[in-house]
Amino acid sequence: MGQFDRTLEYIDQVQHAATAAAVCEKLLGVTSEFGLTALMAGTVPKPRTPTGQQKQHVLLCDWPVEWLERYVTRNYVDHDPVVSHMKQLQAPFQWREAAQGLRIDKGSGEVMGDAGAFKLRDGLAFPLITLDGEIVMVSLGGEAVELSAAEFGLVSLVSTYAVGRAMQLHTMAATTIDHIELTPRERECLQWAAVGKSEWEISQILGISEHTSEKHLLNAKSKLGAVNRVQAVAEAIRRGYIS
């Protein structure tokens, strides 16, 4: 089975999950193949937020319970190099990149050391920006993470789609949409977005303004019930608008 077919199959599995918990289970079923066995998604609390309130920022969690308790109790969010890296980089990355890219102080070293003790030695993380502009930090971890470049792309896309889908179900915002009519321009914009083109690049390719290309993508995301651009592309692939 080719990489595209595998991605489509995984997205389909996630789509058929009826609850946020089921989505997480399906996603971890996929990512576990690559050593990613635990999931956390949530908004980042402001510095010095009381520990009792930090759990309110957790949206999805399949972390070891003891690790979550320690993370919150010791206020690790303020020292976690993975969280710091996510704030700077608007793209998926592996935890090891955060450790290499930042100067590790005593606090961040303690976070990573403790994570390893809970069999979370490496992982994949990315920020998910919703249509409302809210930033959700997503992190998948495990003891022995092995990802080729192609597999990294597959897991990043499926994870982004799955977390977006879980958030929809979690907040009861998802609506049942049997048939969606995308305009030819919306399809074209999504197809170019799928290969990584920016709104400006799409506007140059199609001979339209950047504002118009952005509008077409926003309309497509809204019709597809997607929380961000990546999820819209994944949903368009699943529905056969992009092949």
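Further up the page is the structure itself.
Predicted model only: the values in this text are computed from it and were never measured. (Residues numbered from 1 in each chain as written. Predicted model: local features only at pLDDT ≥ 70, side-chain atom pairs only at ≥ 80, totals over all residues. Heavy atoms only, no water.)

## Quick look at the overall build of the protein chain
Within the protein chain one finds 12 helices and 5 strands. For a compact globule of 243 residues, the expected C-alpha radius of gyration is about 18 Å, and the protein chain comes in at 18 Å, within 12% of that figure. For the protein chain, the C-alpha atoms occupy an extent of roughly 55 × 35 × 35 Å along the three principal directions. Considering only residue pairs separated by 6 or more positions, the protein chain has 66% of its internal contacts joining residues 24 or more positions apart. Split by element, the accessible area of the protein chain, about 12,200 Å² in all, is 51% carbon and sulfur. Charged side chains of the protein chain number 23 positive and 29 negative; the gap between the two group centres comes to 3 Å. (Helix = DSSP H or I, 4+ residues; strand = E, 2+ residues; numbered from the N terminus. Rg over C-alpha atoms; globule rule 2.2 N^0.38 Å. Contact = heavy atoms within 4.5 Å. Areas by Shrake-Rupley, 256 points an atom, 1.4 Å probe, with all protein chains shown as cover. Lys, Arg positive; Asp, Glu negative; His and termini not counted. Charge placed at Lys NZ, Arg CZ, Asp CG, Glu CD.)

## Some remarks on the pattern of salt bridges
Taken as a whole and judged by the stated rule, the model has 9 salt bridges. Close ionic contact of Asp122 with Arg96 constitutes a salt bridge, the shortest N to O distance being 2.5 Å. Of this pair, Asp122 sits in strand β4 (residues 122–129) while Arg96 sits in helix α6 (residues 95–101); the two residues are 26 residues apart in sequence, bridging distant segments of the chain. What makes Arg96 partly exposed here is its relative accessible area of 40%. (Salt bridge = Lys/Arg side-chain N within 4 Å of Asp/Glu carboxyl O. Buried < 20%, exposed > 50% of the residue type's maximum accessible area, 1.4 Å probe, protein only.)

## Side note on the layout of surface pockets
In this model, the second largest pocket occupies a volume close to 470 Å³. Met40, Trp63, Tyr71, Asp80 and Val83 are, among the 29 residues lining the second largest pocket, the residues nearest its centre. Across the lining of the second largest pocket, the residue classes break down as 21 nonpolar, 6 polar and 2 charged. (1 Å grid on protein atoms, 1.4 Å probe; cavity = no way out; pocket = protein on both sides within 12 Å on 5 of 7 lines; lining within 4 Å. Points joined across faces, edges and corners; volume = space filled by probe spheres on them. Nonpolar A, V, L, I, M, F, W, Y, C, P; charged D, E, K, R; others polar.)

## A word on the sheet that holds strand β2 (residues 58–61)
Across the sheet, which stays open at both edges, the 5 strands sit in the order β2-β1-β5-β4-β3 with antiparallel pairing between neighbours. Two strands bound the open sheet, and with one partner strand each, they are β2 and β3 (93–94). Pairing between β4 and strand β5 (residues 135–142): 8 bridges, direction antiparallel. Along β5, the bridge assignment pairs Gly123 with Gly141. The sheet contacts of helix α2 (residues 20–31) involve β1 (38–42), β2 and β5, and relative to β1 the element is tilted by about 135 degrees. (Pairing = 2+ DSSP bridges. Axes fitted to C-alpha atoms, helices over the stretch in contact; angles between N-to-C directions.)

## A few points about the environment of Tyr241
The topology assignment puts Tyr241 in the segment after α12 (229–238). Counting along the chain gives 59 residues from Tyr241 to Leu182, while the straight-line C-alpha distance between them is 8.5 Å. Residues within four places of Tyr241 in sequence aside, it is in contact with Ile180, Glu181, Leu182, Arg187, Gln191, Leu224 and Ala236.

## With respect to the packing of aromatic side chains
The description of an aromatic ring pair uses the distance of the two centres, along with the angle that the planes make with each other. A full pass over the atoms with the stated rule returns 5 aromatic pairs. Ring centres 5.8 Å apart and planes at 40 degrees place the aromatic pair Trp67 and Tyr76 in the tilted group. On the basis of relative accessible area, Tyr76 is assigned to the buried category, the value being 2%. Taken together, a centroid distance of 5.9 Å and an interplanar angle of 85 degrees make the contact between Tyr71 and Tyr76 edge-to-face. Each member of the aromatic cluster is reached from another via a ring pair, and the members are Trp67, Tyr71, Tyr76 and Phe118. (Phe/Tyr/Trp six-rings, centres within 6.5 Å; stacked < 30°, edge-to-face > 60°.)

## Things to note about helix α4 (residues 65–73)
Since one α-helical turn is 3.6 residues long, residues separated by three or four positions face the same way. Within α4 the residues assigned to the buried category are Trp67, Leu68, Tyr71 and Val72. The buried residues of α4 occupy one face: seen down the axis, they fall within an arc of 125 degrees. Exposed and oriented more than 90 degrees from the buried face of α4 are Val65, Glu66 and Thr73. Phi turns positive, to about 55 degrees, at Asn75, one or two residues after α4. (Arc of directions from axis to C-beta.)

## Topic: the side chain of Thr7
When you line up the elements, Thr7 lands in helix α1 (residues 3–15). Taking relative accessible area as the criterion, Thr7 reaches 9% and is therefore assigned buried. Each residue touching Thr7, except ones within four places of it in the same chain, is listed here: Leu154, Leu157 and Val158.

## Some words on the packing of α1 against α12
At a closest axis distance of 10 Å, the pairing of α1 and α12 adopts a crossing angle of 100 degrees. Regarding the angle of α1 to α12, the classification is roughly perpendicular. In contact with Phe4, Leu8, Ile11, Asp12 and Gln15 of α1, α12 contributes Ala234, Glu235, Ile237 and Arg238. Grouping the amino acids of the contact of α1 with α12 by side-chain chemistry returns 5 nonpolar, 1 polar and 3 charged. (Parallel < 35°, antiparallel > 145°, perpendicular 65-115°, else oblique.)

In short, geometric facts, not functional conclusions.
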